[in-house]
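Structural overview
Single-letter residue listing:
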Amino acid sequence: MLRKDRPLVAVVGAGYWGQNLVRNFYRLGAVKCILDDNPSTVQKRLEDHPGILAAASFSEILGDAEVAALVLATPAVTHFDLARQALLAGKHVFVEKPLALTLDQGRELVALAQAKNLILMVDHLLQHHPAYVKLRELTGSGELGRLRHIHSRRLSFGKIRTEEDAWWSFAPHDISMVLGLLGREPETVAARGGCWLDPDRADQVEATLNFSGHVTAQISVSWLNPVKEHRLVVVGEEKMAVFDDTRPWAEKVTLYPHRIAWAGQKPVAQPGRAETVELTESEPLAAQCREFLQAMLDRRPPRTDGAEGLRVLTVLTAGSASLTNGGRPEPLADHGLEYFVHPTAVIDPGVKIGRGGKVWHFSHLLPGTELGENCNLGQNVVVGPKVKVGRNVKIQNNVSVYEGVSLGDDVFCGPSMVFTNVINPRADIVRKDEYRPTPVGRGATIGANATIVCGYRLGAWCFIGAGAVVTADVPDYALMVGNPARRHGWMCRCGHRLPKTLDCAHCGRGYQEEGPDRLKPVDEFFEKEDRT
């Protein structure tokens, strides 16, 4: 039964996968009509879903004013043309993966949706799986520690396509999950495959995605495997996690507190006891369909919007090029998406945002502000005016970075921490010419609710504890706690407190003191790396 409080959709392609989309949108009261080339398929869907209509043609749907969106579950080769026609007709679009078959096509669809203020969503279903959502929560909270490696395996003896290879058919889901967990794109993709059924079409592919920071991801796909295997392994420095979609719901996500300790500069494996993670069972496709309808109502980008689909398409394209070139690592092409800005954010004239940047809900960048590459600004963040922020900086919710503050590369600003820029403010006295500089060195971490009084330097890789009040210069690597903040030891570059020996038990780095407030790495290589 149709619901008057939500947009209506037309499902184009109601067969193998389209039947699932019809079922879920029908349960949400949002399907007006369907279109499919096979009359028996149409008849079956009409019998199973009383009240929906059979459209006579694609052009009829485009001309139907009651249809707000098209849901496309057609072969990949048709995605670009059908989505383009729908967007030009003023319809929102939900399209099965992949977004398109070429980067130029993907760029055009994303640009068209943005120009017409329409929602473009890609069916990267596993982003909405409760197990994957839990993995994102675990990685985002830091429970796994710094991510080092991801391995995804999608193998089966199943539907073999003739219009695309196993890489394009299976890998989009895995690429989407990997990019979602790491929050960035790889620098290169290297892929090798085997072609047994058709010399021009890979039936099995092994791909390696190389990310900055010595992080890798491997993706294995095949439709000629004797058993079904859908598994995602996430390796962090503190814990490891496995998402196995073939297991019962109670066993889909397992945490392994395995760690690597260092003894005499040698790594030692320390296995821990596995524990399953409780999940609430729900159908991922239902959640995805609900989000598409809600995105249309709110006019906000869904999680797997066109921009996310274009990023996945960029990795797919690089992987295909590597397959053709005998497995040679291929750099990613320019997908035209320099950065992401949420529709509720305000970006003033004269602001520069580096490639890969993300500016989230209700944030405001004032004139003259410059963000380096891969910066991530949370909700309700204010930066500027005339503030310079380095590369790979993370500014959490409810932080204001005022004029006079400068942030080096890899700085972390915790939720609701405070910068000041005037030492003696009065509401009725203007003191803009008295701003005091506050330089924050590379890799510094500032904990939640800490306060940084202006005019002092925060050293490289220092660690300011939650709630601390900094009223003096902070040395490199210093751990600062209290009000006023005092040094309570040293922190390794990897973010762990150093023992009295000054040898990090987590990453193996060694340090030595040079005076009461100076620490430096023993290894010249590490010292140079920490400074650059």
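This one's a predicted model, so the numbers in the text were calculated from it and none came from an experiment.

A few points about empty space enclosed by the protein
Enumeration over the complete set of coordinates arrives at one cavity of 30 Å³ or more. By volume, the largest cavity is sized at about 40 Å³. Together, Leu126, Arg154, Met177, His230, Arg231, Leu232, Phe243 and Asp245 line the largest cavity.

Side note on the sheet that holds strand 11 (residues 229–236)
The nine strands are arranged 16-13-12-11-7-10-9-8-17 in an open sheet whose pairing can be described as mixed. Edge positions in the sheet fall to strand 16 (275–276) and strand 17 (330–331), since each of these pairs with one other strand and no more. Together, strand 7 (147–155), strand 9 (204–211), strand 10 (215–222), strand 11 and strand 12 (240–244) form the strand contacts of helix 7 (residues 166–182), whose direction differs from that of strand 10 by roughly 155°.

Quick notes on the nonpolar core
If you look at the biggest cluster of nonpolar residues, it comprises 76 residues, and the most contacted ones within it are Ile61, Leu70, Leu72, Trp167, Ile175 and Leu232. It is helix 7 that contributes the most residues to this core, eleven residues altogether. Contact partners of Trp167, with chain neighbours within four places excluded, come to Pro172, Ile175, Val205, Ala207, Ile219, Val221, Val315, Leu316, Gly319, Ser320 and Leu323. One finds Ile353, Ile446, Ala485 and Trp490 within the second-largest nonpolar core, a separate group that totals 46 residues.

As for the sheet that holds strand 31 (residues 418–419)
Read across the sheet, three strands follow the order 31-34-36 without closing on themselves; strand pairing throughout is parallel. Looking at which strands have only one partner, the edges of the open sheet turn out to be strand 31 and strand 36 (469–470). With two bridges connecting them, strand 34 (residues 451–452) and strand 36 associate as parallel partners. Note that in strand 36 the partner of Ile452 across the bridge is Val470.

Thoughts on the packing of aromatic side chains
Here the structure, examined in full by the defined rule, presents six aromatic pairs. Considering the side-chain rings of Phe25 and Phe94, the 6.1 Å spacing of their centres and the 85° angle between planes classify their relative orientation as edge-to-face. A residue pair is termed long-range when its members are at least 10 positions apart, and Phe25 in helix 1 (residues 18–27) and Phe94 in strand 5 (residues 92–96) qualify at 69 residues. Their ring planes at 65° and their centres at 5.2 Å tell us that Tyr477 and Tyr511 sit as a pair that is edge-to-face. With Tyr477 in the loop between strand 36 and strand 37 (478–481) and Tyr511 in strand 39 (residues 511–513), the pair connects residues that are 34 residues apart, well separated along the chain. Like Tyr511, Tyr477 is buried. Across from the ring centre of Trp249, 5.2 Å away, lies the NZ or CZ of Lys252, which sits over that ring.

So, the layout of surface pockets
A probe matching the size of a water molecule, rolled over the atoms, marks out where space remains unfilled. Volume-wise, the second largest pocket comes out at about 720 Å³. Tyr16, Trp17, Arg154, His173 and His230 are, among the 24 residues lining the second largest pocket, the residues nearest its centre. The element contributing the most residues to the lining of the second largest pocket is helix 7, with three residues. Looking at side-chain class alone, the lining of the second largest pocket contains seven nonpolar, seven polar and ten charged residues.

Remarks on the packing of helix 1 against helix 8 (residues 284–298)
Their axes nearest at 9 Å, the elements helix 1 and helix 8 cross at an angle of 60°. Note that helix 1 runs across helix 8; the crossing there is right-handed. Along its contact with helix 1, which presents Asn20, Leu21, Asn24 and Phe25, the element helix 8 presents Leu285, Ala286, Cys289, Phe292 and Leu293.

Regarding the pairing of strand 15 (residues 266–270)
In terms of burial, strand 15 is largely open, as just zero of its five residues are buried. With five bridges joining them, strand 14 (residues 259–263) and strand 15 adopt antiparallel strand pairing. Opposite Arg259, over in strand 15, you have Gln270 as the bridge partner. Between strand 14 and strand 15, which pair antiparallel and follow one another directly, the connecting turn spans two residues, one of which, Gly264, has a positive phi of 60°.

Rules used in this analysis
Residues numbered from 1 in each chain as written. Predicted model: local features only at pLDDT ≥ 70, side-chain atom pairs only at ≥ 80, totals over all residues. Heavy atoms only, no water. 1 Å grid on protein atoms, 1.4 Å probe; cavity = no way out; pocket = protein on both sides within 12 Å on 5 of 7 lines; lining within 4 Å. Points joined across faces, edges and corners; volume = space filled by probe spheres on them. Pairing = 2+ DSSP bridges. Helix = DSSP H or I, 4+ residues; strand = E, 2+ residues; numbered from the N terminus. Contact = heavy atoms within 4.5 Å. Axes fitted to C-alpha atoms, helices over the stretch in contact; angles between N-to-C directions. Core = buried A, V, L, I, M, F, W, Y, C linked by side-chain atoms within 4.5 Å. Buried < 20%, exposed > 50% of the residue type's maximum accessible area, 1.4 Å probe, protein only. Phe/Tyr/Trp six-rings, centres within 6.5 Å; stacked < 30°, edge-to-face > 60°. Lys NZ or Arg CZ within 6 Å of the ring centre and 35° of its normal. Nonpolar A, V, L, I, M, F, W, Y, C, P; charged D, E, K, R; others polar. Left-handed = near helix turned anticlockwise from the far one by under 90°.

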